[in-house]
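What follows is each chain in one-letter form.
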Amino acid sequence: MNTQTAKKTKEVINKTERITGSEAIIKCLIAEGVDILYGYPGGAIMPVYDELYKYQDKIHHVLTRHEQGATHAAQGYARISGKVGVAMATSGPGATNLVTGIADAQIDSTPMVCITGQVFSHLLGSDAFQETDIVGISTPVTKWNHQVTKASEIPEVLAKAFYIAKSGRPGPVLIDITKDAQVSELDFEYKKCTGIRSYIPVPKTNPDKVKAAAELINSAKKPMIVWGQGVILGQAENELKAVIEKAGIPSAWTILGASAIPTSHPLNIGMVGMHGNYAPNKLTNECDVLIAIGMRFDDRVTGSLNTYAKQAKIIHFDIDPAEIDKNVKTDVAVIGDSKDSLAKLLPLLKETSHDSWLKEFKDLYAIEFEKVIKDDITPTKEGLTMGEVIRQINIETKGNAAIVSDVGQHQMIACRYADFNITKSNITSGGLGTMGFALPAAIGAKMAAPEREVVAIIGDGGYQMTIQELGTIFQQKVPVKIVVLNNEFLGMVRQWQQLFFDKRYASTEMTNPNFVAIAEGYYIKARKVVKREELAEAVKEMIASKDSYFLEVCVEKEGNVFPMIPSGASVSDVRLS
């Protein structure tokens, strides 16, 4: 390109044009590479939808059946693609219906931008029809939020929104735009945001801290790694694998960290947490160096903080300084991007093996297999188990599927027994524990990664919280596979009632509808399995389907998930029955 042509091209890019705020919103989304938008129209956002109608060839709008479904779909899209998910809604109840998904995205560090319409600015504070202070409501559960009252503010605010949502530790951003800002005109020019004064999304890694971490690791006799979603968000899977293999360290994961390293890796020792594997939970209190990478020491991982890894030196790698020493006091804190930090750590590590230490994990796994796992995945009792359903899905998908789970017993079983060969394959609601997450999140995941098999694993309780999104699947023709594990209970709550409330099953038994008929009402192929001999063929048929497919599996009503750490107990007190 010659100098004159380059100059002309630059002039075209920087040239302003007179357009409405609504059209500016759409052009901003296009400039940010948004190709799919989840939402629900209404009065206060109607001008934006009118402009969106003109840009259908550039942005595909997905009409969900509830605004909460839009946020969860945007989350699923973001979690599997690594891009920013986008949701849009009107004012009042439309905006407040987004809040659960926003809160879920905040605690699980999911990049998302939500755009809400708002009443005319001169009506703000007057209790106008469908006026709600969504900025005030969402402040505690957003990484940043802002109300736009002038059309001229739109380009800069939206550029800032996308930058904040995806930079550093990701999170949700909400932009509330008054109706007069949508219909007024501005001289439009868009510049992507590349930095904000006083906001440092990725702290610079301190080499002295990395060196101190390496010295502790090199001198350890019983080191253990626990990694979380920060590894996946930082695209540090290869670096983590190299560190684990070079230092020979047994390594466990939180549920949001699952799939960063293949399940079959010889140094992958399983899941930590309330329903995690026996060995990593038990031996947390026997390791001499505990290396936490991209995880936040959530209470479901640590159990009682008074007894958590008190014998160990703690090394904490995290991008967010606020997580350091928040729950667990660290000996060495390495603040920074996980990919960069682990890359700097790798050459400082000695090539080591910890065979006798690793054998301790294998010995405890053998105990867990005999007392728990064997009966979960190859049962001899009459009722079908959730574990054998997951095992059958593993067989048919060869561990390459993306598993999207809801919240409850089925979630813990899916995380424990699903085979994960590919990163970004475990999409679930972690910190908030949102029932109803899986069905819409699976829609977003499949639309973001159409080449991947996406299987939603859902309990009969959570399924009915967002069951209306079957309409979205039907209308959009999303070939997602839906498996409802039906035990006719709110299973996780019932388990607690059995163990800690003398079997007083207060308000947990479900009288369920005909799930197959409902799916067929949405023109989705459906099947129900009640006998073990039907399971393999049914799962095979489901996975082979080119279209969406609903499979209901009736599992044992009072099956429990073990191991289990009782709430507030030490990780050493993990129970096998």
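Predicted model, so just to flag it, every value in this text is computed and none were measured. Numbering of residues starts from 1 in each chain and follows the order in which that chain's sequence is written. Confidence filtering applies because this is a predicted model: local features only for residues at pLDDT of at least 70, side-chain atom pairs given and counted only at 80 or more, and all residues used for totals across whole chains, interfaces and linings. Think of the side-chain values as coming from all heavy atoms in the structure, minus any hydrogens and water.

Details of the pattern of salt bridges
Counted as salt bridges are all cases of a side-chain nitrogen of Lys or Arg within 4 Å of a carboxyl oxygen of Asp or Glu. Tallied over the full model, the rule gives 27 salt bridges. The shortest N-O distance in the salt bridge between Lys-525 and Glu-541 comes to 3.9 Å. Linking Lys-525 in strand β19 (residues 525–529) with Glu-541 in helix α24 (residues 532–544), this pair joins segments that are 16 residues apart in sequence. Via salt bridges that share partners, Arg-169, Asp-320, Glu-323 and Lys-326 belong to a single interconnected network. A helix here means a DSSP run of H or I that spans at least four residues, while a strand means a run of E at least two residues long, and both kinds are numbered starting from the N terminus.

Let's talk about the UniProt feature "domain: Thiamine pyrophosphate enzyme N-terminal TPP-binding" (unreviewed entry) in the protein chain
UniProt positions are given in the numbering used here, feature names are shortened, and annotations may be inferred rather than shown by experiment. Sites flagged by UniProt as "domain: Thiamine pyrophosphate enzyme N-terminal TPP-binding" (unreviewed entry) map to residues 20–135. Structurally, residues 20–135 comprises 41% helix and 18% strand, and the distance from its first C-alpha atom to its last is 23 Å.

Quick look at the UniProt feature "domain: Thiamine pyrophosphate enzyme TPP-binding" (unreviewed entry) in the protein chain
The sites that carry the UniProt feature "domain: Thiamine pyrophosphate enzyme TPP-binding" (unreviewed entry) are, in the present numbering, residues 406–553. The span residues 406–553 shows a helical share of 41% and a strand share of 17%, and its end C-alpha atoms are spaced 16 Å apart.

Details of empty space enclosed by the protein
In this approach, a probe sized like a water molecule rolls over the atoms, and the result shows the empty space that is left. Both site types are read off a 1 Å grid over the protein atoms alone. A 1.4 Å probe that fits but cannot get out defines a cavity, while an open set with protein on both sides within 12 Å along at least five of seven lines defines a pocket; lining residues have an atom within 4 Å of a point. Grid points are joined across faces, edges and corners, and a volume is the space filled by probe spheres set on the points. What the rule picks out here adds up to one cavity of 30 Å³ or more. Volume-wise, the largest cavity comes out at about 40 Å³. In this structure, the largest cavity is lined by Trp-227, Trp-253, Ala-258, Ser-259, Ile-261, Thr-263, Asn-268 and Phe-420. A per-class count over the lining of the largest cavity returns five nonpolar, three polar and no charged. For this classification, the nonpolar set comprises Ala, Val, Leu, Ile, Met, Phe, Trp, Tyr, Cys and Pro, the charged set comprises Asp, Glu, Lys and Arg, and every other residue, Gly included, is treated as polar.

Some words on helix α4 (residues 67–81)
Here a helix's expected span is defined as the number of its residues, less one, multiplied by 1.5 Å. Compared with the 21 Å implied by 1.5 Å per residue over 15 residues, the 21 Å span of α4 between its first and last C-alpha is a close match. A 1.4 Å probe rolled over the protein chains alone gives each residue an accessible area, and that area as a share of the maximum for its type sets the label: buried under 20%, exposed over 50%, partly exposed in between. Within α4, 14 of the 15 residues are buried, leaving the element largely enclosed by the surrounding structure. Phi for Gly-82, located one or two positions after α4, is positive at around 80°.

Topic: the packing of aromatic side chains
When the centres of two rings from Phe, Tyr and Trp lie within 6.5 Å, Trp using its six-membered ring, the rings pair. Their planes under 30 degrees apart give stacked, over 60 give edge-to-face, and anything left gives tilted. Summed over all chains, the structure comprises eleven aromatic pairs. On the numbers, 4.8 Å between centres and 75° between planes, the contact of Trp-357 with Phe-361 is edge-to-face. With Trp-357 and Phe-361 both in helix α16 (residues 355–377), this residue pair falls four residues apart, about one helical turn. With respect to class, Trp-357 is no different from Phe-361; both count as buried. Here Phe-489 and Tyr-505 contribute two aromatic rings whose centre-to-centre distance is 5.5 Å and whose plane-to-plane angle is 75°, an arrangement assigned as edge-to-face. Of this pair, Phe-489 sits in the loop between β18 (481–486) and α22 (491–500) while Tyr-505 sits in the loop between α22 and α23 (515–521); the two residues are 16 residues apart in sequence, bridging distant segments of the chain. Taking the relative accessible area as the measure of exposure, Phe-489 reaches 5% and is therefore buried. The class for Tyr-505 is partly exposed, based on a relative accessible area of 23%. Counting every residue linked through ring pairs, the aromatic cluster contains Tyr-463, Phe-515 and Phe-550. Ring-over charges, as used throughout, are those where CZ of Arg or NZ of Lys falls within 6 Å of the ring centre and within 35 degrees of the ring normal. Above the face of the Phe-489 ring, Arg-494 is positioned so that its terminal group lies 5.8 Å from the ring centre.

A few points about the domain arrangement of the protein chain
Reports often express the size of an interface as the amount of accessible area lost when the parts come together. For the protein chain, the domain assignment lists domain 1 (17–188), domain 2 (207–361) and domain 3 (386–554). Just so you know, the domain bounds were taken from an automatic or database domain assignment. Taking the mean C-alpha position of each, domain 1 and domain 2 sit 37 Å from one another. By definition in these notes, contact holds between two residues if any of their heavy atoms fall within 4.5 Å. Contacts between the two partners involve seven residues from domain 1 and, on the opposite side, seven residues from domain 2. Buried area is understood as the total, over both parts, of accessible area removed when two parts are fitted together, assessed with a 1.4 Å probe. With both chains or domains summed, domain 1 and domain 2 bury close to 630 Å², and 53% of this area falls on carbon and sulfur atoms. Its largest share of buried area at the contact with domain 2, domain 1 owes to Arg-79, Asp-108 and Arg-169, together 65% of the area lost on that side. Linking domain 1 with domain 2 are two salt bridges.

Digging into α16
Counted at 1.5 Å a residue, the expected span for α16 with its 23 residues is 33 Å, but the 28 Å between its end C-alpha atoms falls short. In this scheme, the bend at a residue equals the angle between the axes fitted to the seven residues that finish there and the seven that begin there. The largest bend along α16 reaches roughly 55° and is located at Phe-369. For α16, the set of buried residues is Trp-357, Leu-358, Phe-361, Leu-364, Glu-368, Val-372, Ile-373, Asp-376 and Ile-377.

Quick notes on the packing of helix α17 (residues 386–397) against helix α18 (residues 409–417)
As a rule, the C-alpha atoms of each element are fitted with a line to give its axis, helices using only the stretch in contact, and angles between N-to-C directions run from 0 to 180 degrees. Look at α17 against α18: their axes get within 9 Å of each other, and the N-to-C directions meet at 45°. In terms of their interaxial angle, α17 and α18 are classed as oblique. The two elements α17 and α18 meet at a crossing, and its hand is right-handed. Where α17 approaches α18, its residues Met-386, Gly-387, Ile-390 and Asn-394 are matched on the opposing element by Gln-409, His-410, Ile-413, Ala-414 and Tyr-417. The labels follow the angle: roughly parallel below 35 degrees, roughly antiparallel above 145, roughly perpendicular from 65 to 115, and oblique for the rest. A clockwise turn of the near helix away from the far one marks a right-handed crossing, whereas an anticlockwise turn of less than a right angle marks a left-handed crossing.

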